[in-house]
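# Topology and contacts: notes
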Amino acid sequence: EAVYKVAKAAYGPGAGNALLELAYGDPIISRDGVTNVEKVILEDAVENMSARTVVQASKNVNRKVGDGTSAVIILSRFLYWEARKLIGAGYNRMMVAKMLEKTAREVIEQIDNVKISVDDCLLKHVAIVSSGDESIGHMIADVIGEVGLDGGVTVEDFAGSGIYSEVVDGFYFRKGFTNIN
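Residues numbered from 1 in each chain as written. Predicted model: local features only at pLDDT ≥ 70, side-chain atom pairs only at ≥ 80, totals over all residues. Heavy atoms only, no water.

### Comments concerning the overall build of the chain
The helix and strand tally for the chain stands at 7 helices and 2 strands. Ordered by position from N to C terminus, the α and β elements of the chain give α-β-β-α-α-α-α-α-α. Projected onto the principal axes, the alpha-carbon positions of the chain cover approximately 60 × 50 × 45 Å. Sorting the 181 residues of the chain into buried and exposed places 17% on the buried side. Summarising the internal contacts of the chain: among those between residues at least 6 apart in sequence, 32% fall at separations of at least 24. In the structure as shown, the chain presents an accessible area of about 14300 Å², 55% of it carried by carbon and sulfur atoms. Side-chain charges of the chain comprise 19 positive and 25 negative groups, with the mean position of each set lying 11 Å from the other. (Helix = DSSP H or I, 4+ residues; strand = E, 2+ residues; numbered from the N terminus. Buried < 20%, exposed > 50% of the residue type's maximum accessible area, 1.4 Å probe, protein only. Contact = heavy atoms within 4.5 Å. Areas by Shrake-Rupley, 256 points an atom, 1.4 Å probe, with all protein chains shown as cover. Lys, Arg positive; Asp, Glu negative; His and termini not counted. Charge placed at Lys NZ, Arg CZ, Asp CG, Glu CD.)

This is how it looks when you write it as C-alpha coordinates:
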(Lines give C-alpha, C1' and ligand atoms only; values in the text may rest on other atoms or scores of the structure.)
Protein backbone atom coordinates (compact mmCIF):
# COMPACT_ATOMS: atom_id res chain seq x y z
CA GLU A 1 0.00 0.00 0.00
CA ALA A 2 2.86 2.41 0.81
CA VAL A 3 4.57 1.79 -2.53
CA TYR A 4 1.21 2.17 -4.29
CA LYS A 5 0.64 5.58 -2.70
CA VAL A 6 4.08 6.80 -3.79
CA ALA A 7 3.60 5.49 -7.35
CA LYS A 8 0.12 6.97 -7.60
CA ALA A 9 1.32 10.44 -6.55
CA ALA A 10 3.34 10.90 -9.75
CA TYR A 11 1.33 8.70 -12.16
CA GLY A 12 0.00 10.02 -15.45
CA PRO A 13 0.21 13.29 -17.33
CA GLY A 14 -1.83 15.26 -14.77
CA ALA A 15 0.13 14.06 -11.74
CA GLY A 16 2.37 16.09 -9.54
CA ASN A 17 5.85 15.65 -8.20
CA ALA A 18 6.79 13.50 -5.22
CA LEU A 19 8.99 14.98 -2.50
CA LEU A 20 11.31 12.25 -1.24
CA GLU A 21 13.19 12.46 2.03
CA LEU A 22 16.47 10.57 1.98
CA ALA A 23 18.31 9.06 4.93
CA TYR A 24 21.14 11.48 4.18
CA GLY A 25 21.44 14.65 2.12
CA ASP A 26 18.75 16.93 0.81
CA PRO A 27 15.31 15.71 -0.21
CA ILE A 28 14.64 15.29 -3.94
CA ILE A 29 11.65 16.18 -6.08
CA SER A 30 10.78 13.61 -8.73
CA ARG A 31 8.06 12.68 -11.22
CA ASP A 32 9.79 9.45 -12.18
CA GLY A 33 7.94 6.39 -10.90
CA VAL A 34 10.93 4.07 -10.55
CA THR A 35 13.00 6.76 -8.80
CA ASN A 36 10.17 7.43 -6.37
CA VAL A 37 9.42 3.83 -5.42
CA GLU A 38 13.10 2.87 -5.10
CA LYS A 39 13.29 5.23 -2.14
CA VAL A 40 10.47 3.53 -0.20
CA ILE A 41 11.89 1.63 2.79
CA LEU A 42 9.45 0.20 5.34
CA GLU A 43 10.32 -0.49 8.97
CA ASP A 44 8.59 -3.87 9.16
CA ALA A 45 10.91 -6.44 7.51
CA VAL A 46 8.13 -8.57 5.99
CA GLU A 47 6.30 -5.54 4.61
CA ASN A 48 9.58 -4.18 3.25
CA MET A 49 10.34 -7.49 1.47
CA SER A 50 6.88 -7.40 -0.13
CA ALA A 51 7.36 -3.79 -1.17
CA ARG A 52 10.84 -4.52 -2.57
CA THR A 53 9.39 -7.40 -4.64
CA VAL A 54 6.90 -5.06 -6.30
CA VAL A 55 9.63 -2.43 -6.81
CA GLN A 56 11.84 -5.11 -8.40
CA ALA A 57 9.04 -6.01 -10.85
CA SER A 58 8.68 -2.31 -11.64
CA LYS A 59 12.42 -1.96 -12.29
CA ASN A 60 12.34 -5.01 -14.59
CA VAL A 61 9.61 -3.38 -16.66
CA ASN A 62 11.66 -0.18 -16.78
CA ARG A 63 14.68 -2.14 -18.06
CA LYS A 64 12.70 -4.01 -20.70
CA VAL A 65 10.29 -1.31 -21.85
CA GLY A 66 11.63 2.01 -20.56
CA ASP A 67 8.33 3.06 -19.00
CA GLY A 68 5.32 1.71 -17.12
CA THR A 69 6.96 1.47 -13.70
CA SER A 70 4.13 3.18 -11.85
CA ALA A 71 1.50 1.25 -13.80
CA VAL A 72 3.07 -2.05 -12.67
CA ILE A 73 2.80 -1.02 -9.03
CA ILE A 74 -0.74 0.32 -9.35
CA LEU A 75 -1.93 -2.81 -11.16
CA SER A 76 -0.11 -5.03 -8.64
CA ARG A 77 -1.96 -3.39 -5.78
CA PHE A 78 -5.37 -3.92 -7.36
CA LEU A 79 -4.62 -7.48 -8.45
CA TYR A 80 -3.39 -8.31 -4.94
CA TRP A 81 -6.55 -6.96 -3.29
CA GLU A 82 -8.86 -8.70 -5.77
CA ALA A 83 -6.97 -11.99 -5.28
CA ARG A 84 -7.31 -11.63 -1.50
CA LYS A 85 -11.06 -11.15 -1.88
CA LEU A 86 -11.33 -14.34 -3.95
CA ILE A 87 -9.26 -16.33 -1.45
CA GLY A 88 -11.39 -14.92 1.38
CA ALA A 89 -14.49 -16.07 -0.52
CA GLY A 90 -13.16 -19.65 -0.52
CA TYR A 91 -11.27 -19.94 -3.79
CA ASN A 92 -8.14 -22.09 -3.80
CA ARG A 93 -4.89 -20.05 -4.09
CA MET A 94 -3.74 -22.05 -7.12
CA MET A 95 -7.10 -21.48 -8.79
CA VAL A 96 -6.72 -17.73 -8.20
CA ALA A 97 -3.20 -17.84 -9.69
CA LYS A 98 -4.54 -19.61 -12.79
CA MET A 99 -7.34 -17.06 -13.05
CA LEU A 100 -4.77 -14.25 -12.96
CA GLU A 101 -2.68 -15.92 -15.68
CA LYS A 102 -5.75 -16.42 -17.88
CA THR A 103 -6.82 -12.82 -17.35
CA ALA A 104 -3.31 -11.60 -18.23
CA ARG A 105 -3.43 -13.48 -21.54
CA GLU A 106 -6.88 -12.03 -22.31
CA VAL A 107 -5.75 -8.49 -21.49
CA ILE A 108 -2.69 -8.80 -23.74
CA GLU A 109 -4.94 -10.07 -26.54
CA GLN A 110 -7.33 -7.13 -26.07
CA ILE A 111 -4.44 -4.65 -26.05
CA ASP A 112 -3.13 -6.17 -29.29
CA ASN A 113 -6.61 -5.72 -30.82
CA VAL A 114 -6.89 -2.01 -29.93
CA LYS A 115 -3.31 -0.84 -30.34
CA ILE A 116 -2.67 1.91 -32.83
CA SER A 117 0.35 2.80 -34.90
CA VAL A 118 2.39 5.76 -33.71
CA ASP A 119 2.67 8.69 -36.08
CA ASP A 120 5.02 11.65 -35.64
CA CYS A 121 2.36 13.81 -33.97
CA LEU A 122 1.46 11.17 -31.37
CA LEU A 123 5.14 10.39 -30.75
CA LYS A 124 5.84 14.07 -30.00
CA HIS A 125 2.80 14.30 -27.71
CA VAL A 126 3.85 11.21 -25.73
CA ALA A 127 7.45 12.43 -25.50
CA ILE A 128 6.32 15.84 -24.20
CA VAL A 129 4.04 14.30 -21.57
CA SER A 130 6.66 11.75 -20.50
CA SER A 131 9.47 14.27 -20.20
CA GLY A 132 7.32 16.99 -18.63
CA ASP A 133 8.98 19.57 -20.89
CA GLU A 134 7.99 20.64 -24.41
CA SER A 135 11.49 21.27 -25.78
CA ILE A 136 12.87 18.01 -24.34
CA GLY A 137 9.84 16.14 -25.68
CA HIS A 138 10.37 17.51 -29.20
CA MET A 139 14.05 16.57 -29.03
CA ILE A 140 13.32 13.03 -27.86
CA ALA A 141 10.73 12.58 -30.63
CA ASP A 142 13.23 13.85 -33.21
CA VAL A 143 15.93 11.48 -31.92
CA ILE A 144 13.53 8.52 -32.00
CA GLY A 145 12.62 9.49 -35.55
CA GLU A 146 16.32 9.49 -36.42
CA VAL A 147 17.36 6.22 -34.73
CA GLY A 148 14.13 4.35 -35.46
CA LEU A 149 11.70 2.54 -33.18
CA ASP A 150 14.23 -0.23 -32.48
CA GLY A 151 17.04 2.20 -31.63
CA GLY A 152 18.04 2.98 -28.07
CA VAL A 153 17.70 6.43 -26.50
CA THR A 154 19.48 7.40 -23.29
CA VAL A 155 18.72 10.65 -21.46
CA GLU A 156 21.44 12.00 -19.19
CA ASP A 157 21.96 15.09 -17.05
CA PHE A 158 25.03 17.19 -17.67
CA ALA A 159 26.57 20.17 -15.90
CA GLY A 160 26.30 22.54 -18.88
CA SER A 161 23.37 24.70 -19.85
CA GLY A 162 20.72 23.90 -22.44
CA ILE A 163 19.81 20.60 -24.01
CA TYR A 164 21.31 18.77 -26.95
CA SER A 165 21.22 15.40 -28.66
CA GLU A 166 24.02 13.21 -29.88
CA VAL A 167 23.55 10.16 -32.06
CA VAL A 168 26.12 7.40 -31.56
CA ASP A 169 26.29 4.40 -33.88
CA GLY A 170 27.08 1.06 -32.33
CA PHE A 171 25.79 -1.36 -29.73
CA TYR A 172 24.66 -0.86 -26.17
CA PHE A 173 25.24 -3.58 -23.57
CA ARG A 174 23.33 -3.40 -20.30
CA LYS A 175 25.86 -5.66 -18.62
CA GLY A 176 29.63 -5.67 -18.81
CA PHE A 177 31.22 -7.01 -21.98
CA THR A 178 34.61 -8.71 -21.90
CA ASN A 179 36.96 -9.15 -24.83
CA ILE A 180 38.83 -12.45 -24.42
CA ASN A 181 41.79 -12.11 -26.81
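### Thoughts on the environment of Asp133
Residue position: Asp133 is located in the loop between helix H6 (120–131) and helix H7 (134–147). When the C-alpha atoms of Asp133 and Gly148 are compared, they prove to be 22 Å apart, with 15 residues separating the residues in sequence. Polar side-chain contacts of Asp133 include one of 2.7 Å to the side chain of Ser135. Polar contacts involving the side chain of Asp133 include one to the main-chain amide nitrogen of Ile136, which spans 2.9 Å. (Polar contact = N/O pair within 3.5 Å; in protein donor to acceptor, adjacent residues only side chain to side chain.)

### Side note on helix H4 (residues 69–88)
With 20 residues, H4 extends 29 Å between its outermost C-alpha atoms, agreeing within 8% with the 28 Å of an ideal straight helix rising 1.5 Å per residue. Residues of H4 that are buried in the fold lie against helix H1 (2–9), helix H2 (33–38), helix H3 (45–65) and helix H5 (93–114). (Expected span 1.5 Å × (residues − 1).)

### Considering the confidence of the model for the chain
Taken as a whole, the chain shows an average pLDDT of 84; of its residues, 94% reach a score of 70 or greater. Of all the helices and strands in the chain, strand S1 (residues 18–20) carries the lowest mean pLDDT, 80, while H5 carries the highest, 93. (pLDDT = per-residue confidence, 0-100.)

### A few points about the packing of H1 against H4
Interhelical geometry of H1 versus H4 gives an angle of 135° and a closest axis separation of 9 Å. In terms of their interaxial angle, H1 and H4 are classed as oblique. Remark: the crossing between H1 and H4 carries left-handed chirality. Only Ser70, Ile73, Ile74, Arg77 and Phe78 of H4 make contact with H1, whose side of the interface consists of Val3, Tyr4, Ala7 and Lys8. Among the residues forming the contact of H1 with H4, the class breakdown is 6 nonpolar, 1 polar and 2 charged. (Axes fitted to C-alpha atoms, helices over the stretch in contact; angles between N-to-C directions. Parallel < 35°, antiparallel > 145°, perpendicular 65-115°, else oblique. Left-handed = near helix turned anticlockwise from the far one by under 90°. Nonpolar A, V, L, I, M, F, W, Y, C, P; charged D, E, K, R; others polar.)

### So, the environment of Ser131
The topology assignment puts Ser131 in helix H6. On a C-alpha basis, the gap between Ser131 and Asp32 in space is 9.4 Å, while along the polypeptide they are 99 residues apart.

### Focus: the environment of Ser30
Following the sequence through the fold, Ser30 ends up in strand S2 (residues 28–30). For Ser30 and Asn60, which are 30 residues apart along the polypeptide, the C-alpha to C-alpha distance reads 20 Å. Those residues in contact with Ser30 that sit more than four places away from it in its chain are Ala10, Asn17, Ala18, Leu20, Thr35 and Asn36. Within polar-contact distance, the side chain of Ser30 engages the side chain of Asn36 at 2.8 Å.

### Some details on the nonpolar core
By size, the foremost hydrophobic cluster in this structure holds 7 residues: Val3, Ala7, Val37, Val40, Ala51, Val55 and Ile73. Broken down by secondary-structure element, the contributors of at least two residues to this core are H1 and H3. The contacts of Val40, once residues within four sequence positions are left out, are Val3, Val6, Asn48 and Arg52. Core analysis: the next-biggest nonpolar cluster, separate from the first, contains 5 residues, Ala127, Ile140, Ala141 and Ile144 among them. (Core = buried A, V, L, I, M, F, W, Y, C linked by side-chain atoms within 4.5 Å.)

### Some points on the side chain of Asn36
Inspection of the secondary structure puts Asn36 in helix H2. Given the relative accessible area of 1%, Asn36 is considered buried. With residues near it in sequence (within four places) discarded, Asn36 still touches Val6, Ala10, Ala18, Leu20, Ser30 and Arg31.

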